[in-house]
Amino acid sequence: MLEDALIPLSITLKVAVLSTFLVAVFGILISYALARRDFRGKWLADILVTLPLVLPPTVTGYLLVVLLGKNGAIGSFLFETTGWTLLFTWHAAVIAAFVVSLPLMVKTTASAISAVDRELEYAAYTLGHSELETMLFVTLPLAKKGILAGIVLSFARAVGEFGATLMVAGNIPGKTNTMSLSIYTAFQSGNDALANILVITLVVVSLLSMALAARFVDRWSV
Amino acid sequence: MGVKVSLSKKYRSRGRKGGRDDVFSLDVSFEVGNELVVLFGRSGSGKTTTLRCIAGLETPECGSIVVNGKTYYDSDSGVDLQPQYRRPGYVFQNYALFPHMDVRKNIVYGLKGWDTAKKEERLFEMLRLLHIEGLEGRYPSQLSGGQKQRVALARALAPSPDILLLDEPFSALDMVVRMRLRERIKTIQKELGIPILFITHSPEEAFSLADRVVVLHEGQVRQSGSPREVFYSPVDRDVAELVGVSNIFEDGDVVGNSPEGFVLEGRGMQFVTSSDVSGSDIVSWGVRPENIHLMAYDEGLLSDECNVFAGTVLDVTDKGSSKLMAVELDGSNVVLLCDVPTRLLDDAMGSRVIVNIAAQDVLVFE
């Protein structure tokens, strides 16, 4: 019984940690571009990134299936070149979690970056630093609070992800059955004992990770 | 050597009171040596934009910028160096100290690629130069305004820039600190021998600080010269107003000569100036408020001497160190603004006074 809880937990953590890492890296780059650069189609990029926040997760999931499936634009290319299918693997779960939590990261981080005084960046330029160096050592450290908040929100969103994951990764025992999917399955099949254990485990793990994150944010945002 | 700037740029500036945006066109050119240059003008005259174009923080539409023989920008040959390759010492109006770094890190931030020992040496050199030893461990939020200003200067000067650009650096400081820092800037210019461009809208600051004053008005250089030239021979009415000549007589006639100089007539009054106006029929002239002398009314003082008038005090504003009085001259509707020492006169409104202006203080311009 305990093993039935531990496997979904490890899948959930694996998916959430990896997707949060990707969200942090790409989210920061996208946020910087949106907050500080002018480029054509910026409004479109902004809308595309934000869209999963507005759409129901099942719709996001459906669109991902269309894109990543064997006949989809990205999926067919991947299959032809590498023979690799994404759908119904835990990688697809990572992608689903990434797409739904990216807007949370970008919205908080972009507004934190916009709030950094531009004069400070200009000052860094006049002191001989390139835009990249200035971003790394001036802008991002000053936007730290917003970035950390974005990461925490993204992790929470990834742990709780259900709809899109079900669409693209399925609910394959031992492979893609994350905590939220397993809870649903256990509840549906009348296995209340397992459902209880899963729920308690998820609540405890969530509380612990939030407490850890809060301490981390406190220490780093002084 | 020195700085050669010629640039033009059109940009939208916020219309006042939320109205429509105005298109502002900047068209500035001047050439200065390795001296302390004050860019002087009202806010919105294009001073800051000029400075930012020199630093590379904004791009002109066309023109060229050459500092000490190095071309920063030239629209003809397509040169436009990024600010990190121009590396001007730039002191921002709000100081722009990095809040997440202590004073030490702020000052050495521009010393990219220096080894640690050299950085440390330079840091203490800068701390000594600006008399801020002992502050290196503090964060910007723990500094006073004057200290922030000094740290900003130290940071700008640490990498030995080719040029130092200061955007209204003292506007938020109190009088005493401001005067000390002005002296500091003068000494630094003499020691380092680099061109320093200093923005201010304060006539007093421009006069006391500058080797050369460049007057900007509505996006154009109206006059450039020594403080003495600009303050005592303003070329036109706008410059005259900017440098504090507030009693202005426009388009008067040159009516003749007197032993003290030329006689001018405007708004029903005759003034004598020692400026040479031979060859012109119509001129404008003005008098600084502090160059008008007032005496208690005494009929015996009214003589045929030039520029002596009788008048009545209409209004008095006490400025503490002096009084600003509005005096209406008899037999005309001319009201002169006079800046007089506080204890000189009984300041009752309506009291009668004698007004006297030296012929050399009647400044003539176009």
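### A few points about the overall build of chain A
When helices and strands are counted, chain A shows 11 helices and zero strands. Start at the N end of chain A and walk to the C end: the helices and strands fall as α-α-α-α-α-α-α-α-α-α-α. A principal-axis box enclosing the C-alpha atoms of chain A has dimensions of 65 × 45 × 30 Å. Within chain A, the fraction of its 222 residues that count as buried is 44%. If you take every contact in chain A between residues at least 6 apart in sequence, the share linking residues at least 24 apart comes to 72%. Put simply, chain A has 14 plus and 13 minus side-chain charges, and the middle of one group is 1 Å from the middle of the other.

### Considering the sheet that holds strand 18 (residues 322–329) of chain B
Residue and element names in this part refer to chain B. Strand order in the open sheet formed by five strands is 16-20-17-18-19, with antiparallel pairing between adjacent strands. Whereas interior strands pair on both sides, the edge strands pair on one side only; in this sheet they are strand 16 (292–296) and strand 19 (335–341). The mean angle between the axes of side-by-side strands here comes to 45°, regardless of whether they run parallel or antiparallel. For strand 17 (residues 308–318) and strand 18, the ladder comprises seven bridges, and the chain directions are antiparallel. Within strand 18, the residue paired with aspartate 318 across the bridge is lysine 323.

### Considerations on the domain arrangement of chain B
Residues and elements named next belong to chain B. By the assigned domains, chain B splits into domain 1 (3–88 + 161–241) and domain 2 (245–365). Placing a centre on the C-alpha atoms of domain 1 and another on those of domain 2 gives a separation of 34 Å. The interface is formed by eight residues belonging to domain 1 together with seven residues belonging to domain 2. At the surface where domain 1 touches domain 2, the tally comes to one salt bridge. Two residues, arginine 237 and glutamate 250, come together in a salt bridge whose shortest N-O distance is 2.6 Å.

### Digging into the interface of chain A and chain B
Across the boundary between the two partners, chain A contributes 18 residues, which contact 20 residues of chain B. Taken together, both faces of the contact between chain A and chain B bury some 1700 Å²; the carbon and sulfur share is 65%. Per-residue buried area on chain A facing chain B is highest for Glu119, Thr126 and Leu127 of chain A; these three make up 36% of the total on that side. For the pair chain A and chain B, the number of links is two salt bridges.

### Some details on the packing of helix 1 (residues 2–36) of chain A against helix 2 (residues 42–54) of chain A
Residues and elements named next belong to chain A. Interaxial distance between helix 1 and helix 2 falls to 10 Å at its minimum, and their mutual angle equals 140°. Regarding the angle of helix 1 to helix 2, the classification is oblique. For helix 1 against helix 2, the interelement crossing comes out left-handed. Of the residues in helix 2, those in contact with Ile30, Ala33 and Leu34 of helix 1 are Lys42, Ala45, Asp46 and Val49. For the contact of helix 1 with helix 2, the class distribution of residues is five nonpolar, no polar and two charged.

### Focus on the environment of leucine 123 of chain B
All names here are of chain B. Looking at the element boundaries, leucine 123 is found in helix 4 (residues 116–129). When the C-alpha positions of leucine 123 and isoleucine 107 are compared, they lie 6.6 Å apart, and in sequence the two are 16 residues distant. The contact partners of leucine 123, leaving out residues within four places of it in the chain, are Arg104, Ile107 and Val108.

### Some remarks on the sheet that holds strand 12 (residues 247–258) of chain B
Residue and element names in this part refer to chain B. Taken in spatial order, the five strands make up an open sheet running 14-13-12-15-21, and their pairing is antiparallel. In this open sheet, the two edge strands, each paired with only one partner strand, are strand 14 (269–273) and strand 21 (363–365). Averaged over all adjacent pairs, the angle separating strand axes in this sheet is 45°, with direction ignored. With five bridges connecting them, strand 12 and strand 15 (residues 282–287) associate as antiparallel partners. Looking at the pairing, aspartate 253 lines up with isoleucine 282 of strand 15.

### With respect to the packing of helix 5 (residues 90–114) of chain A against helix 8 (residues 144–160) of chain A
All names here are of chain A. Following both chains from N to C, one finds helix 5 and helix 8 inclined at 165°, their axes separated by 8 Å at the closest point. With respect to helix 8, the axis of helix 5 lies roughly antiparallel. Two packed elements cross with a definite hand, and for helix 5 against helix 8 that hand is right-handed. Counted together, Ala97, Val100, Ser101, Leu104, Met105, Thr108, Thr109 and Ala112 of helix 5 and Gly146, Ile147, Gly150, Ile151, Leu153, Ser154, Arg157 and Ala158 of helix 8 form the full contact between these two elements.

### Brief notes about a nonpolar patch on the surface
Residue and element names in this part refer to chain A. On the surface, a cluster of nonpolar side chains totalling about 460 Å² of accessible area is made up of Leu18, Phe21, Val25, Phe26 and Leu29. Secondary-structure assignment places phenylalanine 26 in helix 1. On the accessibility criterion, phenylalanine 26 (42% relative accessible area) is partly exposed.

### Observations concerning the packing of aromatic side chains
A full pass over the atoms with the stated rule returns 14 aromatic pairs over all chains. An angle of 65° between the planes, with centres 6.3 Å apart, marks the rings of tyrosine 122 of chain A and tyrosine 125 of chain A as edge-to-face. With tyrosine 122 of chain A and tyrosine 125 of chain A both in helix 6 (residues 118–126) and three residues apart, this pair spans about one turn of that helix. For the pair formed by tyrosine 122 of chain A and tyrosine 125 of chain A, the shared burial category is buried. By the ring-pair criterion, three or more aromatic residues cluster together here, those being Phe40, Phe207, Phe231 and Tyr232 of chain B. Positioned over the ring face of tyrosine 232 of chain B is arginine 288 of chain B, at 5.5 Å from the centre of the ring. When the ring centre of tyrosine 297 of chain B is taken as origin, the NZ or CZ atom of arginine 352 of chain B, which lies over that ring, is 4.9 Å away.

### Quick word on the pattern of salt bridges
What the rule picks out here adds up to 26 salt bridges over all chains. Measuring nitrogen to oxygen at the nearest pair gives 2.9 Å for the salt bridge that ties arginine 37 of chain A to glutamate 131 of chain A. Of the two residues, arginine 37 of chain A is situated in the loop between helix 1 and helix 2 and glutamate 131 of chain A in helix 7 (residues 131–142); the sequence distance between them amounts to 94 residues. Overall, the relative accessible area of 43% leaves arginine 37 of chain A in the partly exposed class. Given the relative accessible area of 25%, glutamate 131 of chain A is considered partly exposed. In this structure, a network of salt bridges that share partners links the residues Glu119 of chain A together with Lys9, Arg52 and Glu58 of chain B.

### Describing the environment of alanine 348 of chain B
Inspection of the secondary structure assignment puts alanine 348 of chain B in the loop between strand 19 and strand 20 (352–357). Considering only alpha carbons, one finds alanine 348 of chain B and serine 233 of chain B, 115 residues apart in sequence, at a separation of 34 Å.

### What about the nonpolar core?
A general trend in soluble globular proteins is that nonpolar side chains are found buried together. Residues and elements named next belong to chain B. Judged by nonpolar contacts, the single largest core of 55 residues is most densely connected at Phe30, Ile65, Phe98, Ile163, Leu165 and Leu197. The residues contacting leucine 165, other than those within four sequence positions of it, are Leu51, Ile54, Ala55, Pro88, Gly89, Tyr90, Val91 and Leu197. Formed by 51 residues, the second largest nonpolar core is a distinct cluster that contains Leu130, Ile132, Val215 and Leu242.

Analysis parameters
In every chain, residue numbers begin from 1 and rise along the written sequence. As they are written, the chains are lettered A onward and the ligands numbered 1 onward, keeping that order. Given that this is a predicted model, residues contribute local features only at a pLDDT of at least 70 and side-chain atom pairs are listed and counted only at 80 or more, while totals for whole chains, interfaces and linings are drawn from all residues. Side-chain numbers come from the whole structure's heavy atoms, not from hydrogens or water. We count a stretch as a helix when DSSP gives it H or I for four or more residues in a row; a strand needs E for two or more, and each element gets its number in order from the N terminus. Relative accessibility thresholds used throughout: buried, under 20% of the residue-type maximum; exposed, over 50%; partly exposed, between the two (1.4 Å probe, protein chains only). The contact criterion used throughout is that any non-hydrogen atoms of two residues lie within 4.5 Å. When charges are counted, Lys and Arg are positive and Asp and Glu negative, with His and the chain ends excluded. Note on charges: their place is set at NZ of Lys, CZ of Arg, CG of Asp or CD of Glu. Between any two strands, at least two bridges found by DSSP are needed for them to pair. Angles shown run from 0 to 180 degrees and are taken between the N-to-C directions of axes, each axis being a line fitted to C-alpha atoms and, for helices, limited to the stretch in contact. Boundary definitions for the domains trace back to an automatic or database domain assignment. Throughout this description, the term salt bridge denotes a Lys or Arg side-chain nitrogen within 4 Å of a carboxyl oxygen of Asp or Glu. Here the buried area means the combined drop in accessible surface, using a 1.4 Å probe, for two parts upon being joined, counting both sides. Each angle gets one of four labels, with under 35 degrees taken as roughly parallel, over 145 as roughly antiparallel, 65 to 115 as roughly perpendicular, and the rest as oblique. Each helix crossing is assigned a hand: it is left-handed if the near helix lies turned anticlockwise from the far helix by less than a right angle, otherwise right-handed if that turn is clockwise. Amino acids are sorted into nonpolar (Ala, Val, Leu, Ile, Met, Phe, Trp, Tyr, Cys and Pro), charged (Asp, Glu, Lys and Arg) and polar (every other residue, Gly among them). Like-charged residues are merged into a patch within 9 Å and nonpolar side chains (Val, Leu, Ile, Met, Phe, Trp, Tyr) within 5 Å, provided each residue has over 30% relative accessible area and no salt bridge. Note on areas: Shrake-Rupley with a 1.4 Å probe; residue coverage comes only from the protein chains shown. The criterion for an aromatic pair is that two Phe, Tyr or Trp rings (for Trp, the six-membered ring) have centres within 6.5 Å, with stacked assigned to planes under 30 degrees apart, edge-to-face to planes over 60 apart and tilted to the rest. Consider the ring centre and the ring normal. A charge sits over the ring if Lys NZ or Arg CZ is within 6 Å of that centre and within 35 degrees of that normal. Nonpolar cores are built from buried Ala, Val, Leu, Ile, Met, Phe, Trp, Tyr and Cys residues. Side-chain atoms within 4.5 Å join them into one set.

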